[in-house]
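Residue strings, one per chain:
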Amino acid sequence: MADLKAFAEQLVNLTVKEVNELAAILKDEYGIEPAAAAVAIAAPAASAEPAEAEEQSAFDVILKHPGQAKLAVVKLVKELTSLGLKEAKELVDAAPKAIKEGVSKDEAQALMNQLTEAGAEVEIK
């Protein structure tokens, strides 16, 4: 009985990706159609999907490469992050590196535009 409870707990804690992989295994190896598998694993899928369906509200601005105008990028990073010159240079030298994390979409886009204008290669995640 304890083994079944442990198995049930593992099923409940599956991610959406793991549920999809499980459905594929059940179909390919055991001939169980995904609709039948969905009934057996509907609770984990339903509880895990809303987290992924929510719109992302916090973004990270990642400096991928400082580009040709490295000095201008260092100065801009210093200004944008309120770091000292040495810390800003170290951050730029360590690229790819997050410049700011957990910012709004508008702020992330503004930072990306400023850094791109300075010649840097930037990514928003």
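Quick note: structure is the one above.
Residues numbered from 1 in each chain as written. Predicted model: local features only at pLDDT ≥ 70, side-chain atom pairs only at ≥ 80, totals over all residues. Heavy atoms only, no water.

### Some points on the side chain of Thr81
- Structurally, Thr81 can be placed in helix H5 (residues 70-81).
- Residue Thr81 is classed as buried on the basis of its relative accessible area of 18%.
- Reaching out from Thr81, the side chain makes a polar contact with the backbone oxygen of Val77 at a distance of 2.6 Å.
- Setting aside residues no more than four positions away along its own chain, Thr81 makes contact with Ile99 and Lys100. (Helix = DSSP H or I, 4+ residues; strand = E, 2+ residues; numbered from the N terminus. Buried < 20%, exposed > 50% of the residue type's maximum accessible area, 1.4 Å probe, protein only. Polar contact = N/O pair within 3.5 Å; in protein donor to acceptor, adjacent residues only side chain to side chain. Contact = heavy atoms within 4.5 Å.)

### With respect to the pattern of salt bridges
- For the structure on display, the rule yields 4 salt bridges.
- As a salt-bridge pair, Lys70 and Asp93 come within 2.5 Å of each other at their nearest N and O atoms. A residue pair is termed long-range when its members are at least 10 positions apart, and Lys70 in helix H5 and Asp93 in helix H6 (residues 85-93) qualify at 23 residues.
- On the accessibility criterion, Asp93 (38% relative accessible area) is partly exposed.
- In this structure, Glu107 and Lys100 form a salt bridge, with 3.6 Å as the shortest nitrogen-oxygen distance.
- Here Glu107 falls in the partly exposed class, since its relative accessible area comes to 33%.
- Looking at Lys100, the relative accessible area reads 24%, which means it is partly exposed.
- Each of the salt bridges in this network shares a partner with another, and the network as a whole consists of Lys70, Lys89 and Asp93. (Salt bridge = Lys/Arg side-chain N within 4 Å of Asp/Glu carboxyl O.)

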